[in-house]
Amino acid sequence: MKTPTRLAALVEEGLVDEVIGQLMSGKEATVYVVRCGEDIRCAKVYKEANQRSFRKNASYQEGRKVQNSRQGRAMEKGSRYGRKMQEEVWQSAEVDALYRLSAAGVRVPQPHICFEGVLLMDLVVDAEGRAAPRLNDVELSEELALEFHATLVNQVVRMLCAGIIHGDLSEYNILVGAGGPVIIDVPQAIDAAGNSNAAEMFARDVLNLRTYFSTFAPSLKDTQFGKEIWANYESGLLTPDLPLTGQVAVDERLADVDAVLQQVDLAIKENEIRRMCQ
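The structure reproduced in this document is the subject of the present report. (Residues numbered from 1 in each chain as written. Predicted model: local features only at pLDDT ≥ 70, side-chain atom pairs only at ≥ 80, totals over all residues. Heavy atoms only, no water.)

Assigned secondary structure in the chain consists of eight helices and nine strands. The buried share of the chain, taken over its 278 residues, is 41%. Counting only carbon and sulfur atoms, one obtains 50% of the accessible surface of the chain, whose full area is about 15900 Å². (Helix = DSSP H or I, 4+ residues; strand = E, 2+ residues; numbered from the N terminus. Buried < 20%, exposed > 50% of the residue type's maximum accessible area, 1.4 Å probe, protein only. Areas by Shrake-Rupley, 256 points an atom, 1.4 Å probe, with all protein chains shown as cover.)

Below, the structure written as structure tokens:
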């Protein structure tokens, strides 16, 4: 096929030898299958900010750090230079996250280089060597749904142990590779410890998994893996191999209403005494 304009620089630099075809186009990027020497890889071409449908990125960028203070100030002001830096940070965040997640044992594509707004990485393939389908395009049996759900719950645990939350996890950004589910699309991944929206985003990711897989395996409908995992994370007990039940113990102890009312009454009286003494 004709080389897309955004891939021309990679061809000129010898990073890509041939563009084989377009694989998919999403809200953040268009992905192409390319040949690099003897290897078949994929090239993720990020869309310009004004062409993306993923607009609510402010909450995702909270907690991200830039090494250059001038760049940071420009990003805060929203100048042309600042917007350029913001795009570079957004793109490099995916590369950094992929390397960190791979090191943590999370099944993600292996990245190679990000050049001129294009991320070059391994192509995820199925058992026949073809480009792996997205999870939502695969028909699941109840048994396979339970297996994939367990695998992905472990993957989000490993991500959290590495300090990362996907932030937009669903059946649309999970590929079914030869060895099972592979998580993709992480430019919006957030820092679990540095983002005030972390708990909410993590809960949403896990809920998305439960909602999707429970259509094939109804026994998953009442599970509470998100709450269980986050409680262990907050208490410092979360490890990649922590046994999970999907259940959360509910504190059924009744509140001592009389004691609470006594404390309220005491506080009111103390406040009245202070006002009389002023």
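Enumeration over the complete set of coordinates arrives at seven salt bridges. Between Asp39 and Arg41 there is a salt bridge whose closest N-O contact spans 3.3 Å. For Arg41, a relative accessible area of 17% corresponds to the buried category. The partner of Lys44 in a salt bridge is Glu94, with the nearest N and O atoms 3.0 Å apart. Residue Lys44 is found in strand E3 (residues 39-46), and its partner Glu94 is found in helix H4 (residues 80-103); the two are separated by 50 residues along the sequence. Residues joined by salt bridges that share partners form a network here, namely Lys44, Glu94 and Asp185. (Salt bridge = Lys/Arg side-chain N within 4 Å of Asp/Glu carboxyl O.)

Quick look at the nonpolar core now. Core analysis: the largest hydrophobic core is formed by 49 residues, its most contacted members being Leu135, Leu140, Leu160, Ile165, Phe202, Phe213 and Ile229. Here this core takes eight residues from helix H5 (residues 142-161), the largest share from any one element. Tyr32, Val34, Cys36 and Val118 belong to the second largest nonpolar core, which has 11 residues in total. (Core = buried A, V, L, I, M, F, W, Y, C linked by side-chain atoms within 4.5 Å.)

Considered for burial, the residues of helix H7 (residues 225-234) that qualify are Phe225, Gly226, Glu228, Ile229, Trp230 and Asn232. On its buried side, H7 packs onto H5, strand E6 (164-165) and helix H6 (198-213). (Contact = heavy atoms within 4.5 Å.)

So, about H6. An α-helical turn contains 3.6 residues, so any two residues separated by three or four positions project in the same direction. The terminal C-alpha atoms of H6 lie 23 Å apart, and with 16 residues this matches the ideal 22 Å at 1.5 Å per residue to within 8%. Restricting attention to buried positions, one finds in H6 the residues Ala198, Met201, Phe202, Asp205, Val206, Leu209, Tyr212 and Phe213. Taken around the axis of H6, the buried residues stretch over an arc of 130°, which confines them to a single face. (Expected span 1.5 Å × (residues − 1). Arc of directions from axis to C-beta.)

Moving on, we get to the packing of H5 against H7. Packing of H5 against H7 brings their axes to within 11 Å, and their N-to-C directions diverge by 25°. Relative to H7, the element H5 is oriented roughly parallel. Read as a crossing pair, H5 and H7 show a hand that is right-handed. Between H5 and H7, the contacting residues are His149, Val153, Val156, Val157 and Leu160 on the first element and Phe225, Ile229, Trp230 and Tyr233 on the second. Considering only residue class, the contact of H5 with H7 consists of eight nonpolar, one polar and no charged. (Axes fitted to C-alpha atoms, helices over the stretch in contact; angles between N-to-C directions. Parallel < 35°, antiparallel > 145°, perpendicular 65-115°, else oblique. Left-handed = near helix turned anticlockwise from the far one by under 90°. Nonpolar A, V, L, I, M, F, W, Y, C, P; charged D, E, K, R; others polar.)

Moving on, we come to the packing of aromatic side chains. All told, the structure shown has four aromatic pairs when counted by the stated rule. With 5.6 Å between their ring centres and 35° between their planes, Phe202 and Trp230 make a pair best called tilted. Linking Phe202 in helix H6 with Trp230 in helix H7, this pair joins segments that are 28 residues apart in sequence. Of the two residues, Phe202 and Trp230, both sit in the buried class. Ring geometry for Trp230 versus Tyr233: centroids 4.8 Å apart, planes at 45°, classification tilted. Remark: Tyr233 and Trp230 occur in helix H7; sequence separation between them is three residues, near one turn of the helix. (Phe/Tyr/Trp six-rings, centres within 6.5 Å; stacked < 30°, edge-to-face > 60°.)

So, about the pairing of strand E2 (residues 29-36). E2 sits mainly inside the fold: seven of its eight residues count as buried. Two strands pair when backbone bridges link them, and strand E1 (residues 18-25) and E2 are joined in this way by six bridges, in the antiparallel orientation. Paired with Val19 across the strands is Val34, a residue of E2. In terms of strand pairing, E2 meets E3 through eight bridges, oriented antiparallel. What sits directly across from Val31, in E3, is Lys44. From the end of E2 to the start of E3, which pair antiparallel, there are two residues, and Gly37 there has a positive phi angle of about 65°. (Pairing = 2+ DSSP bridges.)

With that settled, consider empty space enclosed by the protein. Within this structure, the stated rule accounts for two cavities of 30 Å³ or more. Each pocket or cavity is described by its volume, and for the largest cavity that value is around 40 Å³. Along the walls of the largest cavity sit Val156, Met159, Ile164, Ile165, His166, Leu169, Phe202 and Asp205, which together make up its complete lining. Only H5, E6 and H6 provide two or more residues apiece to the lining of the largest cavity. Considered as a void within the structure, the second largest cavity measures approximately 30 Å³ in volume. The dominant element in the lining of the second largest cavity, judged by the number of residues it contributes, is H6, at four residues. (1 Å grid on protein atoms, 1.4 Å probe; cavity = no way out; pocket = protein on both sides within 12 Å on 5 of 7 lines; lining within 4 Å. Points joined across faces, edges and corners; volume = space filled by probe spheres on them.)

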